[in-house]
Amino acid sequence: MKHIIILGDGMADHAIERLGGKTPLQFADVPYMDMLARRGRTGRLVTVPDGFAPGSEVANTAILGYDLNKVYEGRGPLEAASIGYEMRPDDLAIRCNIITIADGKIKNHHGGHLSTAEGTELIEFLDEQLGNDRVHFIPGIQYRHLLIIKGGNKHIVCVGPHDHPNEPWEPLLVKPETGYDESKDSHKAELTAQQTADLLNDLIRKSQELLATHPFNVRRVKEGQDPANSIWPWSGGYRPSMQTLKELYPEVHSGSVISAVDLIRGIGHYAGLDVIKVPRVTGLANTNYEGKVQAALTQLYNQDFVFLHFEATDEAGHDGDLDLKIRAIEYLDHRVVEPIYNEVKTWDEPVAIAVLPDHPTPVEIRTHVKEPVPFLFWYPGIEPDSVTLYDEESCVSGSYGMLRLNEFMNKFMSL
C-alpha cells in the first residue's frame, strides 16, 4: 500500500453568518472530497499538543507522527534546512517575515504579498546594511526569510505577525521568556535571553528606517500599494534532532514532500523525505496546482509516501478573504484531489489517500486556532462509515472519532 497525504493548510473554519451559518468548507463545491468521505472513513484530529501554539510548524510535524516535546525547535531551523543552510551548534535560526506596518499597527504579515524576487531584493539589502559576524539575513521565499543570530538564546518570546493583524506593533516586540533560568540550560548560548531580545528589537527598528527609503517601497507608496517596511523575527530555535519517517514507520521505505513553504520543506528534510521543488509555486491561490499534482503522482509511483501541502487556504484565512478561501478550497478539490484520485484508482498497487487541514484559520478571526480538524481516509476496498460529506461538522460522526497527534499517522500507515 502506498500513501499520500493531501493537506490544505488552514482549510478548516467556523460557521459564518453570511454563508447561512455554514463554514467555507461546507459552502464550497467539493464533490471529490465529499465522495472520498462517502466512500471512505472519517474523523477528527487534535493536531496541537498541550502547551503549544497552533502554528503550522507544530501541527504538520505532529501530523507526520512526531512528538513535539522531543523535536520542536521552532520554524527557523526548519526553514534553514529547506533553503540549504547548515546550522552550526551556536546558531539561533529565526523565521524573518517582511511585513507592512501602518499607523503604528501590523497591517499584514506578508508585506503586500511580495514575490520571491522582491523579497530577496529587500532581505539582501538588509543583510548588506545590518549583517555582520553575528547577524545574517538569508533569502527564502516571498515574504518568508531567515535570520541567523550567532550565539543567540532561543528563550525569548517573539509572536507571529499573522496572529496579531491590526494590533500595535511596539507592545509585541521581543521579550525574554518569563521564568527561564539560564543556569539550568544545557545549551550555553553566548548571549542572554535579554541581550538576544534587545538585539532583535534593534534590528526591527533599524529595518523600518532602512526600508522606508528603499526605492521599492517608495514606488509602492506612490502606486497606493502596501509597502514592505519592516522585518518581524519569530519562532527561533537551534538545530533539531529528528528520526526519519523510515525509522518511525517501516512502511515508508522512500518518500517525498511537495510544498511552496520553506518550513514544510524543512520538516520533510529532517524527516528524511526528498524535497521536490516544482516551478511556479507561490503558496497562494495562483500556485501551479497541476505541476504539484504531476510531481506528486510521479514521486508516488516510484516511492511509498508523499506529503502534498497547499498553503493558499491559510493565506486567504489570514487575509480575511472569504471569497478567496472558498475558491482555494474548490481549487484543492477540483485541481488536486480529483486528478490524484482518478489516476491512483487505476494503479495495480493500491494507494491510500488522506485529506485534512493542519489547523483552522477562520477568516473572521484571521489567525490560527487550536481546535480539532476533520480528516478522511480512502483506499480501494475500505469499508465506509456513515459520513457522506467532508466538513468540520459531518466528520464529528466519523468512525475514527477523535484522534490525537501521532494516532493519525499510526492509523494511516496501518491501512
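Residues numbered from 1 in each chain as written. Predicted model: local features only at pLDDT ≥ 70, side-chain atom pairs only at ≥ 80, totals over all residues. Heavy atoms only, no water.

(A) Broad picture of the overall build of the protein chain. Along its length, the protein chain carries 14 helices and 15 strands. In terms of overall dimensions, the protein chain is globule-like: its C-alpha atoms have a radius of gyration of 21 Å, near the 22 Å expected for 415 residues. When the backbone C-alpha atoms are referred to their principal axes, the protein chain occupies close to 60 × 50 × 40 Å. Residues classed as buried in the protein chain amount to 60% of the 415 residues present. Entry remark: accessible area of the protein chain is about 16,200 Å², with carbon and sulfur atoms responsible for 47%. Distance between charge centroids for the protein chain: 1 Å, based on 39 positive and 60 negative side chains. (Helix = DSSP H or I, 4+ residues; strand = E, 2+ residues; numbered from the N terminus. Rg over C-alpha atoms; globule rule 2.2 N^0.38 Å. Buried < 20%, exposed > 50% of the residue type's maximum accessible area, 1.4 Å probe, protein only. Areas by Shrake-Rupley, 256 points an atom, 1.4 Å probe, with all protein chains shown as cover. Lys, Arg positive; Asp, Glu negative; His and termini not counted. Charge placed at Lys NZ, Arg CZ, Asp CG, Glu CD.)

(B) Fine view of the environment of Leu 389. Relative to the assigned elements, Leu 389 resides in the loop between strand 14 (373–378) and strand 15 (402–404). You can call Leu 389 partly exposed: its relative accessible area is 40%. Each C-alpha atom of the pair Leu 389 and Ile 4 lies 20 Å from the other, and the pair is 385 residues apart in sequence. The residues touching Leu 389, leaving out its near neighbours within four places in the chain, are Asp 34, Ala 37, Ser 394 and Cys 395. (Contact = heavy atoms within 4.5 Å.)

(C) Fine view of unusual backbone geometry. Non-glycine residue His 113 carries a positive phi angle of around 55 degrees. In this structure, His 113 sits in the loop between strand 4 (105–108) and helix 6 (116–130).

(D) Examining the pairing of strand 1 (residues 2–8) more closely. With 7 of 7 residues buried, strand 1 lies mostly within the body of the structure. The alternating pattern of strand 1 places Lys 2, Ile 4, Ile 6 and Gly 8 and His 3, Ile 5 and Leu 7 on opposite faces, both of which are buried. The pairing of strand 1 with strand 12 (residues 305–310) spans 6 bridges and is parallel. Paired with His 3 across the strands is Phe 305, a residue of strand 12. (Pairing = 2+ DSSP bridges.)

(E) Expanded view of the packing of aromatic side chains. Inspection of the entire model under this criterion finds 13 aromatic pairs. Residues Phe 375 and Phe 408 carry aromatic rings whose centres are separated by 5.5 Å and whose planes lie at 90 degrees to one another, so their mutual orientation is edge-to-face. Here Phe 408 lies in helix 14 (residues 407–413) and Phe 375 lies in strand 14, a separation of 33 residues in the sequence. The pair Phe 375 / Phe 408 is uniform in exposure class, with both members buried. (Phe/Tyr/Trp six-rings, centres within 6.5 Å; stacked < 30°, edge-to-face > 60°.)

(F) Structural view of the pattern of salt bridges. The full count for this structure, using the stated rule, is 15 salt bridges. Between Glu 190 and Arg 134 there is a salt bridge, with its nearest N and O atoms 2.8 Å apart. Residue Glu 190 is found in the loop between strand 8 (175–176) and helix 7 (193–212), and its partner Arg 134 is found in the loop between helix 6 and strand 5 (135–141); the two are separated by 56 residues along the sequence. Owing to a relative accessible area of 57%, Glu 190 belongs among the exposed residues under this scheme. Glu 315 is paired through a salt bridge with Arg 144; the nearest N and O atoms lie 4.0 Å apart. In this pair, Glu 315 sits in helix 12 (residues 312–319) while Arg 144 sits in strand 6 (residues 144–150), placing the two residues 171 residues apart along the sequence. (Salt bridge = Lys/Arg side-chain N within 4 Å of Asp/Glu carboxyl O.)

(G) Region of interest: the packing of helix 2 (residues 31–39) against helix 13 (residues 322–344). For the pair helix 2 and helix 13, the least separation of the axes is 7 Å and the interaxial angle reads 55 degrees. It follows that helix 2 is oblique to helix 13 by the angle criterion. Two secondary-structure elements touch here, helix 2 through Pro 31, Tyr 32, Met 33, Met 35, Leu 36 and Arg 39 and helix 13 through Ile 329, Leu 332, Asp 333, His 334, Val 337, Glu 338, Tyr 341 and Asn 342. Taken together, the residues of the contact of helix 2 with helix 13 sort by class into 9 nonpolar, 2 polar and 3 charged. (Axes fitted to C-alpha atoms, helices over the stretch in contact; angles between N-to-C directions. Parallel < 35°, antiparallel > 145°, perpendicular 65-115°, else oblique. Nonpolar A, V, L, I, M, F, W, Y, C, P; charged D, E, K, R; others polar.)

(H) Seen up close, the sheet that holds strand 12. Across the sheet, 8 strands lie side by side as 11-10-12-1-13-14-2-15; this open sheet has mixed pairing. Strand pairing shows two members of the sheet lacking a second neighbour, strand 11 (274–276) and strand 15, which therefore form its edges. Taken pair by pair, the neighbouring strands of this sheet meet at an average axis angle of 25 degrees, ignoring direction. In terms of strand pairing, strand 1 meets strand 13 (residues 351–356) through 6 bridges, oriented parallel. Looking at the pairing, Leu 7 lines up with Leu 356 of strand 13. Each of strand 2 (41–46), strand 13 and strand 14 touches helix 2; the most contacted strand, strand 14, lies at about 70 degrees to it. Those strands touched by helix 3 (residues 56–63) are strand 1, strand 2, strand 12 and strand 13, and its axis lies near 155 degrees from that of strand 12.

(I) Quick peek at the nonpolar core. Of all hydrophobic cores here, the largest spans 87 residues; its most connected members are Ile 4, Leu 245, Phe 305, Ile 340, Ile 353, Leu 356 and Tyr 390. Setting aside residues no more than four positions away along its own chain, Leu 356 makes contact with Ile 5, Ile 6, Leu 7, Gly 8, Met 11, Leu 45, Ile 63, Val 373, Pro 374, Phe 375, Tyr 390 and Phe 408. With 39 residues, the next largest nonpolar core counts Ile 99, Leu 173, Ala 193 and Leu 200 among its residues. (Core = buried A, V, L, I, M, F, W, Y, C linked by side-chain atoms within 4.5 Å.)

(J) Broad picture of the side chain of Gln 208. If you trace the backbone, Gln 208 turns up in helix 7. Judged by its relative accessible area of 18%, Gln 208 is buried.

(K) Spotlight on helix 6. Compared with an ideal rise of 1.5 Å per residue, which puts 15 residues at 21 Å, helix 6 spans 20 Å between its outermost C-alpha atoms and is within 8% of the ideal. Within the span of helix 6, buried status applies to Gly 119, Thr 120, Leu 122, Ile 123, Phe 125, Leu 126 and Leu 130. In this fold, the buried residues of helix 6 make contact with strand 3 (91–102), strand 5, strand 6, helix 7, helix 8 (215–222) and strand 9 (230–237). (Expected span 1.5 Å × (residues − 1).)

(L) Molecular detail of the pairing of strand 5. The buried count for strand 5 comes to 5 of 7 residues, which makes it a mostly enclosed element. Sheet analysis places strand 5 next to strand 6, joined by 5 bridges and oriented antiparallel. Within strand 6, the residue paired with Val 135 across the bridge is Ile 149. Where strand 5 hands over to strand 6, the hairpin turn is made up of 2 residues, of which Gln 142 adopts a positive phi near 50 degrees.

(M) Fine view of the side chain of Arg 220. Here Arg 220 is to be found in helix 8. Not counting residues within four places of it along the chain, the set of residues in contact with Arg 220 comprises Gly 111, Gly 112, His 113, Leu 114, Glu 118, Gln 225, Asp 226 and Pro 227.

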